[in-house]
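Structure assessment
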Amino acid sequence: MAAGHSVDPARWQEAFEGLMSRIAGPFARAEPRRRVRDLMLGPLSDLPRIAEWAGEDTPDGMQHLLGRARWDADAVRDDVREYVLEHQHDEGAVLVVDETGDVKNGTHTVGGQRQYTGTAGRIENAQVAVYLVYAGRRGHAAVDRELYVPRSWTPDPDRCRAAGLGDQTVFATKPEPAVRMIGRFLDAGRRVSWVAGDEVYGGNPKLRAALEARGVGYVLAVACSHEVATSAGKFRADALAAKVPKRAWQKLSAGAGAKGHRFYDWAVIDLAEPRSGSHQLLIRRNRTTGEVAYYRCWSPAPVPLATLVRVAGSRWRVEETFQTGKGLAGLDEHQVRRFTSWSRWATPAMLAHACLAVVRADEHARHPAPDGLIPLTCNEIQRLFTAFVRPMCDVAHRLGWSAWRRRHQARARASHYRQQAANQT
């Protein structure tokens, strides 16, 4: 190591191998366990052709792992949760729920349809999944996932069956998988005081009621048209914000961002609800543009405004999780059609991202960055990790894969020409 540098990527690789030993239980055989290791290392090494990188002659083994091999992706998901909680536990942590879309072509990808996705910023043919992210002082990582199945799918049992969904699949709005994931987290004996989410979740009364029943506080965004009850009657959120006196606004930070602390003006209004606990409407105003956002808040007992602001600010952590999960761990790089294959791709990708997040937190605690260097980021850890795990394949292996691709492309072209000729007759 160069002078002044205490970073040791070799130790990270040891930690990774320990993590792989930890998740051995859900695998009936060593072969799929080895391939899951390669499935994680491929994206972490910035190599999209995982089977080729892993030294295999064809993609058949990886396809078997994702579709037919015997292993339990939900058990690995539970291992992800326990791994993150073991290393990132924080009494003040927040569970953040949000969805993300992956743009996909065709009509056969499970859950795919034309729908709005923030990934593209427009309506595209996409697949959407809802994730649960654990966000604390030491970092953030996804601990659960559920695929969103649009209403257009559920009336067609044959289509659902072909995509690996159950015959009895029914439509569920996005807050419903959020309720299930939060329930799994709590039923596993884990505790958290707060949940945060955007308007999709804040506007759902069943989700809010479920959290109140479990004694979990929430700060959930709502639309400006959302109606709330006060001692003076019912009002739209934006109408209440207009009545807030100037002296009631406080300048507080919603947390540090890439360019420093994110300061906004905040105000809070007590609500009149028959249910127990402290019900409030939190209002955030941009100090530059004047743009206003609104949040429904509940806690078993009253809490300071600064606490509500901290929880509201935690919601942005989910965007960072999606960005790094996709950019560094291949969360969106799958090319699978069936539900089983999707869950078997998404779960190892979550685990790979969690590994990066844990290494980052440990390095920050163990070796604070010296003067002149920013703390290690997940991106930089991935770059260094790549240099230690990339295997060297011989020329014959590379030429073999070249032949396989050309053979596959030839079959695809011949099939296309046959179909084209049939359509012209």
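One can find the structure itself at the top, above this paragraph.
Anyway, here's the lowdown on the structure attached to this text. Keep in mind that what you see is a predicted model, and the values were worked out from it rather than measured. (Residues numbered from 1 in each chain as written. Predicted model: local features only at pLDDT ≥ 70, side-chain atom pairs only at ≥ 80, totals over all residues. Heavy atoms only, no water.)

**Focus: the pairing of strand E5 (residues 194–197)**
The line we're drawing: Per-residue accessibility, obtained with a 1.4 Å probe over protein chains only, is compared with the maximum for each type, and a residue is labelled buried under 20%, exposed over 50%, and partly exposed between these values. Secondary structure elements follow DSSP: runs of H or I no shorter than four residues count as helices, runs of E no shorter than two count as strands, and numbering proceeds from the N terminus. At least two DSSP bridges between two strands are required for those strands to pair.
Every second residue of E5 is oriented toward a common face, with Trp194 and Ala196 on one face and Val195 and Gly197 on the other, all of them buried. Where strand E1 (residues 94–103) lies against E5, 4 bridges are found, and the strand directions are parallel. Paired with Val97 across the strands is Gly197, a residue of E5. Summarising the sheet, E5 and strand E6 (residues 217–222) pair through 4 bridges and their orientation is parallel. By the bridge assignment for E6, Val195 is matched with Tyr218.

**Thoughts on the pattern of salt bridges**
Short version of the rule: The rule for a salt bridge is simple: a side-chain nitrogen of Lys or Arg has to be within 4 Å of a carboxyl oxygen of Asp or Glu.
For the structure shown, the criterion picks out 30 salt bridges. With a closest N to O distance of 2.9 Å, Arg22 and Glu86 form a salt bridge. You can see Arg22 sitting in helix H1 (residues 9–22) and its partner Glu86 sitting in helix H5 (residues 73–88), a full 64 residues away along the chain. By relative accessible area, Arg22 is classed as partly exposed at 34%. Between Asp265 and Arg285 there is a salt bridge whose closest N-O contact spans 3.2 Å. One end of the pair, Asp265, is in strand E10 (residues 260–270); the other, Arg285, is in strand E11 (residues 278–285), with 20 residues separating them in the sequence. Overlapping salt bridges bring together Asp74, Arg77, Asp78, Arg81, Glu82, Asp144, Arg145, Glu146, Arg180, Arg184 and Arg190 as one network.

**Thoughts on the pairing of E1**
Extensive coverage of E1 is indicated by the burial of 9 of its 10 residues. Here E1 runs beside strand E3 (residues 122–136); their pairing, made up of 10 bridges, is antiparallel. When the sheet's bridge partners are listed, Glu99 is paired in E3 with Val130.

**So, the packing of aromatic side chains**
Where two aromatic rings form a pair, the distance of their centres and the angle of their planes describe that pair. Note the threshold: Between 30 and 60 degrees the pair is tilted, below 30 it is stacked and above 60 it is edge-to-face, where a pair is any two Phe, Tyr or Trp rings, Trp via its six-membered ring, whose centres lie within 6.5 Å. By definition here, charges over rings are those cases where NZ of Lys or CZ of Arg is within 6 Å of the ring centre and within 35 degrees of the ring normal.
Taken as a whole and judged by the stated rule, the model has 9 aromatic pairs. Geometrically, the ring pair formed by Tyr264 and Trp266 is edge-to-face, given 6.0 Å between the ring centres and 75° between the ring planes. For Trp266, a relative accessible area of 0% corresponds to the buried category. Summarising the aromatic geometry, the rings of Tyr264 and Trp316 are spaced 6.4 Å apart at their centres and angled 5° between planes, so their arrangement reads as stacked. With Tyr264 in strand E10 and Trp316 in helix H12 (residues 316–329), this pair connects stretches of sequence that are 52 residues apart. Of the residues examined, Tyr264 reaches a relative accessible area of 13% and is grouped as buried. Grouping aromatic residues by their ring pairs yields a cluster made of Tyr264, Trp266, Tyr295 and Trp316. Over the face of the ring belonging to Phe263 we find Lys251, whose NZ or CZ atom lies 4.9 Å from the ring centre.

Just geometry here; none of it tells us what the structure is for.
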